[in-house]
Amino acid sequence: MKIAIIQFPGSNCDRDAYYALAGIFNQPTRLFWHKRGSLSGAEAVVIPGGFSYGDYLRTGAIARFSPVMPAVVEFANNGGPVIGICNGFQILCEAGLLPGALVRNEGLEFICDTTTLDVVDSMDYFNQQSLGETLDIPIAHGEGNYRIDNEGLAELQANNQILFRYRNNPNGSVDDIAGIRNIDGNVFGMMPHPERAVEEIHPSRDGIGIIKAFLKSQMARQQKA
Amino acid sequence: MSTEAPAPNPDPTLNVDITPELIEQHGLTSDEYEQIQGILGREPNLTELGIFSVMWSEHCSYKNSRKLLKQFPIQKFDEDSRNKVLVKAGEENAGVIDIGDDWAICFKIESHNHPSAVEPFEGAATGVGGILRDIFTMGARPMLFTNSLRFGSLDSADSRRIMRGVVHGISHYGNCVGVPNIGGDVYFDPCYEGNPLVNALCLGVLKHDQIKRGAASGVGNPVYYVGAATGRDGLGGASFASKELSEESAEDRPAVQKGDPFMGKLLMEACLEMMGQEGLVVGIQDMGAAGLTCSTCETAARGNTGVEIELDLVPQRETGMNSYEIMLSESQERMLVIAQKGREEELEQIFDKWDLHAAKIGKVVKGKNMVVKQGGEVVARIPAKKLTDDAPLNDPEAERPDYMDEVQGWNVEDLPDLDRDGLMDALVKLLADPSIANKNWIHRQYDQMVMTNTVMHPGQSDASVIRLRMGGPDKDKYIAISNDCNSRYCWADPYEGGKIAVAEAIRNLACAGARPLAMTNNLNFGNPNKPDSYYMLQESVRGLAETCEFFDVPVVGGNVSLYNENQESKIDPTPVVSVVGIIDSRQFITTSTISKGSEALVLLGDVPNELGCSAFLRVIHDLKTGKPPRMDLENQAALMDFLQVQIQKGRIHAAHDIAEGGLLVALCEMLFARDHTFGADLNLEDLPIDRWDALFYGESQGRILLAVDANRADHVVHDAERYDIHADILGEANDDHILHIEAPNLEKPLEWDMEELRTAWDSSIPEKMKIDD
Amino acid sequence: MKVTVFVTPKKTVLDPQGAAVGHAMEHLNLQPSGEVRVGKTIEFELDGSDTPEIREQIDSICNGLLCNPVIEDYRYEIS
Amino acid sequence: MKVTVFVTPKKTVLDPQGAAVGHAMEHLNLQPSGEVRVGKTIEFELDGSDTPEIREQIDSICNGLLCNPVIEDYRYEIS
Ligand SMILES: Nc1ncnc2c1ncn2[C@@H]1O[C@H](COP(=O)(O)OP(=O)(O)O)[C@@H](O)[C@H]1O
Ligand SMILES: [Mg+2]
C-alpha cells in the first residue's frame, strides 16, 4: 500500500512511523509536508505523533486547519484508510473525523510509559483472535484523556468502535479508552504508539500486530470494494 | 592604535558619560575598564560598555576558570585511536569525536542554574533549548538529552516547587522538540536550597564532512538572523549568571527568558535542512547568553575578519528598542548564519518552508571589527578578537577551608556499629531517601522513546543507551552515557571527589558494556572570589583532569557555573561529569537489573570499611563528615578490563556499580526489575567482616555486583583472580519476595520483605510531591 | 476594535486542571464552593467596526479554531 | 459570590501561543492587527461577601498559585 505520512510543523514521530512502515513493513512510504494540497495517489494516510503547532491552544486545533487537511478529510470520507497516532489521534478528533476530544491527563503531567492494552473485538483483524488479548504498547502524552458525552460513548460501544482499553488507566480516559475507529472502519485513532514497539530493542514488539491489522483490514476492504 | 569612535546614539539616553558607578553596575573592575580604554584607544559608549560587560562576564569569558581548564586532556593520548577528537573543547559550540565509518558524535552540557532558581519552569525549559541549539549548530542531529539536577530537601515546600517547575520545564521543551530524554542524575541536599542546579546535556550525530563552524569568512557574504524576534528578554542574563543570588534578584525578574519549543523545533529542522545543502552555510552560531553580541563577535573572531550588522534589520518584538537592548537581549530561539553570497534565495526558501523568518542583517567585511549600526549610523565598533580572546584572566586566591582537617580526621571507630534491628531499619530508610529512591516521578514526565532508538531507559542499566541508525543492524552503533557527581565527597575532599566522579561515570559505562569515548563536564561552584570556594574549584578540576588523563578520556567540552550561593547557603562543590561511551556490539549491552531468578550474585572488589560522607551517615546518623572513600584508579582499570572480557564472553547477565547506599542498596536496585521484584538468598560466611554498617552500607569505590549463570559463577571468580580482582559469590537471586542474609556472628539471619523494600523505594518521591496536591 | 474571546470547558466535561486548582486552593485555606473551572481568553485587535459580518467571521473562527464545541463553550466581547 | 480571575502574559513576555494562534487566524482570513495574546480565566464560587479580607485572600492565591508573577499579570472580578 502506498502510504503518506503527514508532517505538520511540530510533528516529531513522523520519522518513527516511516521507519516502522518502510523499514519493518516494506511499504512504499513517503513523508508529506503539510503544505501540499493533494495526497498524490496515496492509498493510506498516517498522521503521526508529536506537538503539531506546539500543542498551542488545544492539541491538534491548529493542525486541523492546515492546507493538507481538506485532502485528508476528503480521502477519509471516500473510504480511504487513515490512522492517527497520539497527536494524530488528537488532530483527527479536532477535524471531526473521529468523535470525542482529548484533554489534559487527569494527573496533569506528561506520562511516558509502557501500558498494557486490552484488545476489544471491534472488527476484522482488530480483535482478540488476531491480536491476542493484550498488547504492551508505549504511551507518551500530556493530553490523552479521552472525553465524549454519554450518548457518544453509548454509540461507540454499540458500534464496536472501541479498539483498545487501558488495563490501568493512566490518564483518566472515559471507559479506559485508548483507541477508537469511525463507524465505517477506515479511520483509526489511538494514543499509544505502535511504531515504538516494532523492534527487538523496543519495550515490546506488539506494535507490529496493530500496524499489520491496519494494513490488512484496509486491503481487505479495498478488495471488497 | 585607536578604533574610530561611533556616532552619537539615536537614543539620547545612551549618550551618557561612563561613570565609575556605571562601570561597577556592569560588573567590570576599574582595571578591566582601563583595559577596554586601551583596546579602543578611547572611551567606550554605553552600548560598547554593555557589550564588553557581557563578553567579559564569567559566563562568557571563563575569566576565573580558564587557566584551570587547561589541565584537561583535550585529545586522545593514543594517536592511533579509532576515536579521535575532531573538534576540541573551546574551539566551537561543542566538541566532536569520531565514532568510526565517517560518523561522529557531538555533545555538551550546559547549566541554567540561576534562571531556574528565579523561574524554575522557564529557566529549565530555556536551558534545554539552549543546549539543543549548541548541538545542531555543529551540523549534528540531536539524538538525546540527559540532565543533572540538584535540589534542596524535598521536605521543603520551596524545593518541591522548584523541582516540579524544573521537571515540567524540561519535559515541556524536550518532549516538544522530539528528542528523547534518557537519563541523568538527581540529588537532594540542603546546600541546594535556593540554589538549584539544572545542567542539561544534548548529544547529536553527524558525518565528518557535516561539521559546521561558528566562523565568519568571505568578505561580502551575507549575515542572516533567523528564528524568533528580539524582545527585552533576559537583559544581561550572562552577567546575571555571574552574580551571587542576592535579594535583589527578585527585582531582576523581568530578565527571565521564555522559551518556545515549537519555534525551537522548527528552527532545528530548518537549520539542519539548510546545513544539508552543500556550501550554503559558511558559518553558523546560536544566540545563547549575550545573544547577538556573542554570536557576532565570536563568528568574526573565529573567522579573523570583520562583521557589520544593521540593527534596524533585526526582527523586533517590541517597539523602541535601543542598541543596548537589542545587543544584550537574550531572547530564545535565534541563530546567526553566515551564508554563501549569491545563494540567499535558496536559504530564504528553506526558512519560508518552515514558516520562519530569515532576515539579512549584515555582511562579512574587511578588517577585524565588529561594527553595529542603527539607522545607518555606527553605534558600536570594537575589535572582535579583543572581546573574545583578550578577556581578563583572573588568578583568584585559593585557600583550603578550615573544616577539612576536622572532617578528614573523623574516625569511623567513634561511631558504634548497628545491631540487627538497626541494620534492618537502615535499608528501608536508605531506599526511601529521595537521592536513592526511584526517580520515576521525574523521568516518566520525559519522552524517553521518541526516535525509537532508546535501548536502555533510566533505571534499566548503569548507563543509558541509544542506537544510532547507520543503515542496518550490522552497521548500527550503540552509544552509552552516564552522568555523575557526589558533591558531598567533593565537599570533604574536592580532589578525591573529582576523581570519583569521573571514575564512577566510566565504571557505569563499563557495567553497561561500553568503553568510554570522551567526557563533558559542568563545574558548579560558589563565588570564585572567596578563596575557599576557589580552592574547591581548583582541586576538583585537578581530580577530574588526572582521572581523564589516566583513562585516556579526552574532555570535549563543558561549562562553568560559579556564584551558586545565596545569603543563607552555598552549594557543595558539584563538578557534574558526563562520559559518553560506545558499545561495540549489541550483544554487549548489559542491564543493571536481573530478568530472571536463579542468578548467582557475585561481588567484585574489596570489602573495606569506609563510611565517610556516605548516604548512610547522612540518612541514619544525620552526619556530614569523614573522608570520602579512596579511589584506586589502577584497580579500577583492571576491574574494567575484566568486566569487558566477561561481558564479551557473554557471561554477565547484569552488572551494577555499588554507589550511594552501598552493597544492599545496589543489590535491591538489581532485584527491582521494571515490572517484577526478585528476592535473594545471601550467605556472607566468607567475607572478612569488620563492621556490619560498613559492609552493608559503606560506599567503597570500585565495586560491582554481577548476576551470572549459577553454573558459571566459579569460572567468573576464577578469572577474576587472574586480574588480581577480589571476587566473592554472595548467593543467589530467586523468585521469592524475601531478601535473606546469613552471616557469621549475627544472632539470626537478616530478612526483609522485598515488596516492602520496593514500596519504600518506589513511593518516596511521589509521596513527597503529593503533599502540595 | 478589541475582541476578547472567552472559552470555557463545558459544564458536563471534566476539567482536570480546574480540579487541581480547587484542590490547591483548599490547601491555601480558600474553600471554593463547587467546582473550579479553568478557561482561556484570546485577545486581539481587528480593524473595522462591530458589524454583523464581522461577528459572523468571529463566530466562524471561534467554532473550530478557538473553541472545540465538543468540550468547550465560548462567548466574546467587542470593545 | 462568583470570582473570575483573569491571568494574562505580561506585555513584555513572549507569548508563543498567541503568536501561533495569530498565524492560524490569518490563514482563516481573519487578520488581527498586532499581537494575539492568550490568557487564562479561573472561575469559582466563594461563600461570604466581598470584604477587604476576602480580597486579600484572593490576592494571595492569585500571587503564586493562579498567576506566576514573574511572567503573568492578573486581575479579578467579583459578582
Ligand atoms: N568545564 C569545561 N571543560 C571543558 N571545556 C569547557 C568547560 N567549560 C567550557 N568549556 C568550553 O568552552 C567553550 C565555550 O563555552 P561556552 O561559552 O559555554 O559556550 P556557549 O556560548 O555555547 O555557552 C566551549 O567549547 C565549551 O565546551
Ligand atoms: Mg554556544
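Source: prediction; values computed, not measured.

(A) Region of the structure containing the overall build of chain A. Across its full length, chain A holds six helices and eleven strands. Overall, the C-alpha framework of chain A stretches about 40 × 40 × 40 Å when taken along its three principal axes. Taken over 225 residues, chain A has a buried fraction of 65%. Sequence-distant contacts in chain A: of pairs separated by 6 or more residues, those separated by 24 or more amount to 73%.

(B) Focus on the overall build of chain B. Counting its secondary structure elements, chain B contains 26 helices and 28 strands. Scaling as 2.2 N^0.38, a compact globule of 773 residues should have a C-alpha radius of gyration of about 28 Å, and chain B matches this with 27 Å. Looking at chain B as shown, the accessible area adds up to about 26100 Å², and 46% of this sits on carbon and sulfur atoms. For chain B, the separation between the mean place of its 71 positive charges and that of its 123 negative charges on side chains is 6 Å.

(C) Quick peek at the site of ligand 1. Residues and elements named next belong to chain B. Taken together, 17 residues lie near ligand 1, and Tyr62, Gly90, Glu92, Asn521 and Gly558 sit nearest. At 2.7 Å, a side-chain N or O of Asn521 approaches a nitrogen atom of ligand 1. Between ligand 1 and Asn559, the relevant distance is 3.1 Å, taken from a nitrogen atom to a main-chain nitrogen or oxygen of the residue. Relative to its unbound accessible area of 550 Å², ligand 1 is 87% covered by the protein chains. Listed by contribution, the elements that provide at least two residues to the shell around ligand 1 are strand S3 (103-111), strand S17 (515-524) and strand S18 (555-561). In terms of residue count, S18 provides more of the shell around ligand 1 than any other element does, five residues in total. Of the residues assigned to the shell around ligand 1, the class counts are seven nonpolar, six polar and four charged.

(D) Quick look at the coordination of the magnesium ion (ligand 2). All names here are of chain B. Around the magnesium ion (ligand 2), the protein contributes the donor atoms Asn93 (OD1) and Asp134 (OD), which lie 2.3 to 2.4 Å from the metal centre. Taken as a pair, Asn93 in the loop between strand S1 (85-87) and strand S2 (95-100) and Asp134 in helix H7 (residues 120-136) lie far apart in primary sequence, 41 residues in all. A relative accessible area of 8% places Asn93 in the buried class. A relative accessible area of 6% means that Asp134 is categorised as buried.

(E) The arrangement of the pattern of salt bridges in detail. All names here are of chain A. Within the structure shown, the criterion is met by 76 salt bridges over all chains. Arg58 is the partner of Glu94 in a salt bridge, and the nearest nitrogen-oxygen pair spans 2.8 Å. One end of the pair, Glu94, is in helix H3 (residues 87-94); the other, Arg58, is in the loop between strand S3 (44-47) and helix H2 (69-77), and 36 residues separate them in sequence. The residues Glu94 and Arg58 share a single accessibility class, namely buried.

(F) A look at the pairing of strand S28 (residues 750-753) of chain B. All names here are of chain B. Here S28 shows a clear split, with Leu750 and Trp752 buried on one side and none of Glu751 and Asp753 buried on the other. Where strand S27 (residues 738-742) and S28 come together, four bridges link them in antiparallel fashion. Across the sheet, residue Leu739 finds its bridge partner in S28, namely Trp752.

(G) Geometry of the nonpolar core. Counting residues in each nonpolar core, the largest one holds 161 residues, and the members touching the most others are Phe164 of chain A together with Met274 of chain B. If we skip the residues at most four places from it in the chain, Met274 of chain B touches Leu280, Val281, Ile284, Val337, Leu347, Ile350 and Phe351 of chain B. The next biggest cluster of nonpolar side chains, apart from the first, holds 71 residues, and it includes Leu68, Val407, Phe525 and Leu537 of chain B.

(H) Molecular detail of the sheet that holds strand S21 (residues 652-657) of chain B. All names here are of chain B. If you trace the seven strands from one edge of the open sheet to the other, you get S21-S25-S20-S26-S24-S27-S28, paired in mixed fashion. With partners counted over all chains shown, the strands left at the sheet margins are S21 and S28, one partner each. Averaged over all pairs of adjacent strands, the angle between strand axes in this sheet comes to 20°, irrespective of strand direction. Direction of pairing for S21 relative to strand S25 (residues 704-709): antiparallel, over a ladder of five bridges. In the strand pairing of S25, Ala655 is matched with Leu706.

(I) Highlighting the pairing of strand S6 (residues 197-207) of chain B. Residue and element names in this part refer to chain B. The buried fraction of S6 is high, at ten of eleven residues. Here nine bridges tie S3 to S6, and the two strands are oriented antiparallel to one another. Each bridged residue has a counterpart across the sheet, and for Phe107 the counterpart in S6 is Leu203.

(J) Quick look at helix H13 (residues 344-353) of chain B. Residue and element names in this part refer to chain B. For H13, the set of buried residues is Glu344, Leu347, Ile350 and Phe351. Down the axis of H13, the buried set is contained in an arc of 130°. They therefore lie on one face. Residues Glu345, Gln349 and Asp352 are exposed on H13 and point more than 90 degrees away from its buried face. Packing partners of the buried residues in H13 comprise strand S7 (222-227), helix H10 (261-275), strand S10 (334-339) and strand S11 (358-365). Just downstream of H13 lies Asp355, where phi reads positive at about 55°.

(K) Broad picture of helix H3 (residues 46-55) of chain B. Residue and element names in this part refer to chain B. Here H3 lies mainly inside the structure; ten of its ten residues are buried. Every buried residue of H3 is accounted for by Leu46, Thr47, Glu48, Leu49, Gly50, Ile51, Phe52, Ser53, Val54 and Met55. Residue Asn45 occupies the N-cap position of H3, its side-chain oxygen lying 3.1 Å from the main-chain nitrogen of Thr47.

(L) How the structure looks around the packing of helix H19 (residues 494-512) of chain B against helix H22 (residues 633-648) of chain B. All names here are of chain B. It is the contact of H19 with H22, at a shortest axis distance of 9 Å, that shows an interaxial angle of 10°. As the angle between them shows, H19 and H22 are arranged roughly parallel. In this structure, H19 contributes Lys499, Ala503, Ile506, Arg507, Ala510 and Cys511 to the contact, and H22 contributes Leu633, Gln636, Leu639, Met640, Leu643 and Ile647. Classifying every residue of the contact of H19 with H22 by side-chain character gives nine nonpolar, one polar and two charged.

(M) View of the relation of the copies chain C and chain D. By a simple turn and slide, chain C fits onto chain D: the slide is 0.1 Å along the axis, the RMSD is 0.3 Å, and the turn is 180°. Taken together, the rotation and translation relating the two chain copies correspond to the operation of a two-fold axis. The position closest to the rotation axis in chain C is occupied by the C-alpha of Lys40 of chain C, lying 2.1 Å away. Counting the interface residues of chain C, we find that 100% of their copies in chain D are interface residues as well, pointing to one common contact surface.

(N) Region of the structure containing the interface of chain C and chain D. Between chain C and chain D, the residue contacts involve 28 residues of the former and 29 residues of the latter. Together chain C and chain D conceal approximately 2400 Å² of surface at their shared face, both sides included; 67% is due to carbon and sulfur atoms. Summed over the shared surface of chain C and chain D, the result is zero salt bridges. Linking chain C with chain D are ten residue pairs in polar contact (both at pLDDT 80 or more). Going through the elements one at a time, strand S1 (2-9), helix H1 (16-27), strand S2 (33-45) and helix H2 (52-62) of chain C are the ones with two or more residues in the side of chain C that touches chain D. Here the side of chain C that touches chain D takes twelve residues from S2 of chain C, the largest share from any one element. Residue composition of the side of chain C that touches chain D, grouped by class: 15 nonpolar, seven polar and six charged.

What counts and what doesn't
- Residues numbered from 1 in each chain as written.
- Chains lettered and ligands numbered in written order.
- Predicted model: local features only at pLDDT ≥ 70, side-chain atom pairs only at ≥ 80, totals over all residues.
- Heavy atoms only, no water.
- Helix = DSSP H or I, 4+ residues; strand = E, 2+ residues; numbered from the N terminus.
- Buried < 20%, exposed > 50% of the residue type's maximum accessible area, 1.4 Å probe, protein only.
- Contact = heavy atoms within 4.5 Å.
- Rg over C-alpha atoms; globule rule 2.2 N^0.38 Å.
- Areas by Shrake-Rupley, 256 points an atom, 1.4 Å probe, with all protein chains shown as cover.
- Lys, Arg positive; Asp, Glu negative; His and termini not counted.
- Charge placed at Lys NZ, Arg CZ, Asp CG, Glu CD.
- Near = heavy atom within 4 Å.
- Polar contact = N/O pair within 3.5 Å; in protein donor to acceptor, adjacent residues only side chain to side chain.
- Nonpolar A, V, L, I, M, F, W, Y, C, P; charged D, E, K, R; others polar.
- Donors = N, O, S within 2.8 Å, 3.2 Å for Na, K, Ca; no water.
- Salt bridge = Lys/Arg side-chain N within 4 Å of Asp/Glu carboxyl O.
- Pairing = 2+ DSSP bridges.
- Core = buried A, V, L, I, M, F, W, Y, C linked by side-chain atoms within 4.5 Å.
- Axes fitted to C-alpha atoms, helices over the stretch in contact; angles between N-to-C directions.
- Arc of directions from axis to C-beta.
- Parallel < 35°, antiparallel > 145°, perpendicular 65-115°, else oblique.
- Least-squares fit on C-alpha atoms with pLDDT ≥ 70 in both.
- Buried area = accessible area lost by both parts, 1.4 Å probe.

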